Structure formats: C-alpha cells, structure tokens
Amino acid sequence: MPSIGVWLAMLCLGVGGYAVYFVDARGQDQNWDLLNYHYYSGYAFLNGGLSRDVAAAGIQTYLHPAVNAVSYLALRYLAFPFSAWLILSVQLLSLPLLAMVVLESKKGLGPAGYGFSALLALALTLLAPLWWGELGTTFFSSSTTPLVLLSVLMCMRQLRNQDAVRPMWWLLIAGIPIGIASGLKLTNAPYAVALAAALILASLNVNLRKTIGRTLALSAGMTAGFALTAGWYVSVYKAWKNPLFPFYNGIFRSPYFEYSNFRDERWRFHSLAEFFRFLGDAVRGTYKTSEISFADPRLIVVVAIVPLGFLAFRRMRSAPGNLMFGAFVFLGGVIWAFSFAYQRYLIPIELLLGIFVWIIMATLLNSAKVVSFCMALLLLGCLYLTRVPDWNHGKDISAVPNAFDLKIDQQIASTPATYLVVGEPLSFVFPFLHPASVFYKLNVSSPINSLVAQKLQLPQATRLPLRVIFRDAEKVAAALAIKVVGLPAFGGDYVCTEVRGRIESYSICEYKGAFIPMTVNEPVRQ
C-alpha cells in the first residue's frame, strides 16, 4: 500500500496535469492589469523605459517590475499556450510545498492514522478559486506565493526540531523567501508580519531569551530577503522621493503626488456586519472583494471554526509547528481584512484554508474516521459550490510577439516619438511602438502634469514628433487632458491613425502645428 506521501504526490501530479489543460482551455490571458501595466512594466524594465518615461502606466508604473519582466518575456517570445505554461510552471511550485506542509502538520497530530484525511485536507486546500483564476495569467500573487509557503514550511520544521540539531540560523534562512516575496509584491508584507507574530505565539512555552532569538533570526532573514529586491525601491526613491511612489505618500510626502495613503475604497469592510454578509455571499458568489464574481464556501467554514481553534490552542502546545501554522493563517486573514480586503491578495492564505480546518478538527476530535468523514463532506460541498473567476481570456490567439491582435500602421510603429498618454488600459501598446519613443501620462497628478510640461519645453530642433495616444472611447477626455500642457483640441493640426486590437480600438494623433509649451508655474523635478 503506497504511503501517504505517495498519495499526496499523486494528487499534486493530477492537479498539475489538470491545471495544464485548464490554462490551455481558457485561452490567452487578456486581463486588465496585463493591458494596463504588467506588459509595459516588464518591457520598460528590460529596455530602460522606466527611467525615460513619466508614469506611463499610471499609479502602478513603479511597482516592482521583476515578475512582470518574466511575464513580458514569456508573452514576447513564446506562442500560446507555451507562454501561459511557462508562467504556470512557477505558480505550480505551490503544489509540492503544500503537500510538505500537510505532511509536517500530520507529524504534529500524533500517531493516530490521519492519512486519508490528510489527502482530503490537501484536496480541500486546493479548492482555492482565486488561485485557480490566476493560473497561467500575469497576476503574480500566485507566482510569489511559493516563497511565502516555503518560509511557513521551514518555520514549522524548525519548531518541530527545536530541541534537536536544527540550529537557530535555520530560521534566518526561513525568513529570506518571504522577504523576497514581500519585495517583489508589497501585498505579501503583511504575511511576513503575521509569520513573525505566529512564531512568537508558538514560542510562549519556551524561555524569553529563546523566543527573542527566534524572532530576531526570522526578522533578520526577512530583512535580508527584502534587501535582495530593494535596489528597485532605492531607484524609485531617488527619482520620486518616495520608495513606494505614489503609494503611502502621506508618509513619504513626495512632491509629485497628493499627500495621502491611497486605498481602493471598494474593498474596505466598513463594519463587522458587512464582513459577515460577505462571508454569506461568498458561498454562492460575491463581488465584494473582487472585480469578478467568485464563490469560496470555505471562507465561512474557516471563520466558523476559528472559535474551536482557540479551544484547541492548549492541545497544540505540544505541536508548536501546528500552533504556529494556525496562528499564521488566522493573523494573516485578520491583517488582510483590515489592510486590503481584496481577494487576490489573500491567495497565500487561501491556499492554506483546507489544512487549517483539518488541523483544528484533528486536534479536537481525536478520531481519524470522524475527521475523514467531516473533511469528505466539506470537500464535496465546496467542490459543488466553488466558482473560479475569469479576468478575460482570448481564444485562438497564438501570434508571437503580438498576443493582443494589435494592428498598427508601420510608419507610426517605426518612427520614434513623444507620446502623451490619456486613459487606461493602454500601456500594453507601447512595446509595439519604436523603442526610442518616450511616454508621458497626463492627469496622474497636477505636479506630474507640470513635470510633463517642463519636459516638453525642448528646442524645436531636438524634439521628437509629438503624438497623443488614447482609447477611442476616451477621445473627449483626451481632448480635455492635452490642454494641461498647452496643446489645442483635436482638429486640422492633427493627423490621426487608428490602432485596432482584439478588445477595442485606439488612436494615435500626431500634432503637426506650432507648439508653444505651457509655462510651468509650480516647482517640478529637475
């Protein structure tokens, strides 16, 4: 009879195989963020555009571009589905890590035969709709999640071997992956905080000196991991006086953006009642924490079982790895609810919910058969109700390098120009224009408008052709926007060319008249 490890491996292989089919069947990724900044960010990072352009993709322009660079290269040089499968290969690294977390948790449950329920726990934890929704796409919560899971797993193993040969530096190493994940995607940072807090809670039964040592070792590892990605934030600070520009500008107070800490208010829970309504709605489908409707009935099960988790706390003290795991999931979820409440950012926790439920049940019930029965019922119910969101995919798109079916006039694409950008999503078009072109986005903020106006104050002989690029649906807005830098409304002084795409159409209008840049009245960056 194969061991539980073999069965878990077989389940992972089966899920991985189905994921390959699933990604191919949905078609080429065309999500809004890919069009708005993912593709451009990777391209500009690799080609030096981020130092020339000004907020070309709006407020997301200066998020860390490393993962986007991988996505850009995949879409640029590989035809679908191979481009999607390359991205998927990174995202599926979570599968073996989850299987190892299950095995590690099982060791903390004692000698009882929890083998079959462990298999059900992995199956339930993989019913993660937002994770499935991201597979094969350029969304990168799922691409950085393996780093978070690796840190969690390493911490669990260190706690299980706390009195054995595993040294303290193991925790230092354990902090590095989640530190890197936080640097690559800042929305992972709350989970680094949750992991450190969970480690402290799991160390309450040891002396204070050892607890402090563990926490410092893990924190040092996290800092080292983040430092590996920090070069990007240093360069952003030098350019914009805010390493996270334009986010948290209420703290860093860059002169190029309003002094506020931006947050998308659509996703905020304004009351406890609203949060519980969300849990109920999530059983059958909700938009509360996502642009696209999804259903995840596990959420209400997890919240309902949390009080039982507190009852299991004392029993878990003999299994500090499981205690730390449970505390991490709980604290990570709480921090998420207060800080983001946006569903895709919960993926590192979403992928652990089934294991969380299983550990609490096994700790309290002390019966492998009862636990297996309950887990089987939960799995069947969740399998029936779960609904995976789809952020838009295109069928029969395999062209390389043009995964967007863009059709651009060759004369426009082959000549460098200065582009004034109005509206979004739009920046995915830029890599198909001349690589010496520069892109300035209007109306990101008043100081940035002033900065663009200053950059346009070049001698006529040194200026590139001046063009305006916009979505056809935003022509009226574009006509108003260009006035802030001194351009007249669209008319006889413009020659406009249509850019056709699979999703919608765009226009590039070159200004042929005499241009007198608007005088800059407020200080801007030199």
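No experiment lies behind these values; they were computed from the predicted model shown. (Residues numbered from 1 in each chain as written. Predicted model: local features only at pLDDT ≥ 70, side-chain atom pairs only at ≥ 80, totals over all residues. Heavy atoms only, no water.)

Draft legend 1. Structural context of the overall build of the chain. Helices and strands together make up the secondary structure of the chain, namely 24 helices and seven strands. The C-alpha atoms of the chain give a radius of gyration of 26 Å, which matches the 24 Å a tight globule of 526 residues would have. Viewed in the frame of its principal axes, the chain has a C-alpha envelope of about 85 × 50 × 45 Å. By residue count, 56% of the 526 residues in the chain fall in the buried class. Relative to all contacts within the chain whose residues are 6 or more apart in sequence, the contacts with residues 24 or more apart total 74%. Here the chain has roughly 21800 Å² of accessible surface; of this, 65% comes from carbon and sulfur atoms. The centroid of the 41 positive side-chain charges in the chain is displaced by 11 Å from the centroid of its 27 negative side-chain charges. (Helix = DSSP H or I, 4+ residues; strand = E, 2+ residues; numbered from the N terminus. Rg over C-alpha atoms; globule rule 2.2 N^0.38 Å. Buried < 20%, exposed > 50% of the residue type's maximum accessible area, 1.4 Å probe, protein only. Contact = heavy atoms within 4.5 Å. Areas by Shrake-Rupley, 256 points an atom, 1.4 Å probe, with all protein chains shown as cover. Lys, Arg positive; Asp, Glu negative; His and termini not counted. Charge placed at Lys NZ, Arg CZ, Asp CG, Glu CD.)

Draft legend 2. Structural view of the state of the cysteines. Summed over the entire model, instances satisfying the criterion amount to one disulfide. Covalent S-S linkage joins C496 and C509, the inter-sulfur distance amounting to 2.0 Å. Here the S-S torsion is close to 110°, and the disulfide linking C496 with C509 is therefore right-handed. One end of the pair, C496, is in strand β6 (residues 494–500); the other, C509, is in strand β7 (residues 505–511), and 13 residues separate them in sequence. Owing to a relative accessible area of 42%, C496 belongs among the partly exposed residues under this scheme. Since its relative accessible area comes to 1%, C509 is described here as buried. C374 carries a free sulfur, and the closest cysteine sulfur to it, the one in C382, is 13 Å from it. (Disulfide = S-S within 2.5 Å.)

Draft legend 3. Layout of helix α7 (residues 115–125). Counting buried residues in α7 gives ten out of eleven residues, a clear majority hidden from the surface. Of the residues making up α7, those classed as buried are G115, S117, A118, L119, L120, A121, L122, A123, L124 and T125. The secondary structure elements touched by the buried residues of α7 are α1 (4–26), α6 (94–107), α16 (298–311), α19 (347–350), α20 (353–365) and α21 (368–385).

Draft legend 4. Focus on the side chain of S151. With respect to the helices and strands, the residue S151 is situated in helix α9 (residues 141–160). Here the side chain of S151 touches A174 through a polar contact of 2.5 Å, landing on its backbone oxygen. If we ignore the near neighbours within four places in the chain, the residues touching S151 are A174, G175, P177, I178 and L195. (Polar contact = N/O pair within 3.5 Å; in protein donor to acceptor, adjacent residues only side chain to side chain.)

Draft legend 5. Main features of the pairing of strand β3 (residues 418–422). In terms of burial, β3 is a largely internal element, five of the five residues being buried. Residues T418, L420 and V422 line one face of β3 and the alternating positions Y419 and V421 line the opposite face, and both faces are buried. Summarising the sheet, β3 and strand β5 (residues 466–471) pair through five bridges and their orientation is parallel. If you follow T418 over to β5, its bridge partner there is L466. (Pairing = 2+ DSSP bridges.)

Draft legend 6. Structural detail: the packing of aromatic side chains. Throughout the structure, instances matching the rule amount to 37 aromatic pairs. Where Y18 meets W132, the ring centres are 5.8 Å apart and the plane angle is 65°; that geometry is what we call edge-to-face. Of this pair, Y18 sits in helix α1 while W132 is found in helix α8 (residues 129–134), placing the two residues 114 residues apart along the sequence. Given a relative accessible area of 45%, Y18 falls into the partly exposed group. (Phe/Tyr/Trp six-rings, centres within 6.5 Å; stacked < 30°, edge-to-face > 60°.)

Draft legend 7. Expanded view of the packing of α9 against helix α18 (residues 320–339). Between α9 and α18, the least distance of the axes is 7 Å, while the angle of their chain directions is 150°. Contact residues: V148, V152, C155, M156 and L159 in α9; P320, G321, N322, M324, F325 and F328 in α18. Looking at the contact of α9 with α18 residue by residue, the classes come out as nine nonpolar, two polar and no charged. (Axes fitted to C-alpha atoms, helices over the stretch in contact; angles between N-to-C directions. Nonpolar A, V, L, I, M, F, W, Y, C, P; charged D, E, K, R; others polar.)

Draft legend 8. Fine view of the environment of L383. Secondary-structure assignment places L383 in helix α21. What makes L383 exposed here is its relative accessible area of 54%. Each C-alpha atom, one on L383 and one on L127, is 7.1 Å from the other, the two residues being 256 residues apart in sequence.

Draft legend 9. Region of interest: the sheet that holds β5. Taken together, five strands build an open sheet; the order of strands is β4-β3-β5-β7-β6 and the sheet is mixed. Each end of this open sheet is capped by a strand with a single partner; those strands are β4 (438–441) and β6. Within this sheet the neighbouring strands show an average axis-to-axis angle of 25°, counted without direction.

Draft legend 10. Representation of unusual backbone geometry within the structure. In this model, F80 is joined to P81 through a cis peptide bond whose omega is 10°. Its place among the elements puts P81 in the loop between α4 (66–77) and α5 (82–91). Following E424, the chain continues into P425 via a peptide bond in cis, with omega recorded as -5°. As for its placement among the helices and strands, P425 is situated in the loop between β3 and β4. Positive phi values are uncommon outside glycine, yet D405 reaches one of about 55°.

Draft legend 11. Expanded view of the pattern of salt bridges. In this structure the tally under the stated criterion is 13 salt bridges. Note that R157 is salt-bridged to E104, the shortest N-O span being 3.4 Å. Of this pair, R157 sits in helix α9 while E104 sits in helix α6, placing them 53 residues apart in sequence. Note on R157: relative accessible area 27%, which makes it partly exposed. Between K288 and E274 there is a salt bridge, and its shortest N-O distance comes to 2.9 Å. One end of the pair, K288, is in the loop between α15 (272–281) and α16; the other, E274, is in helix α15, with 14 residues separating them in the sequence. (Salt bridge = Lys/Arg side-chain N within 4 Å of Asp/Glu carboxyl O.)

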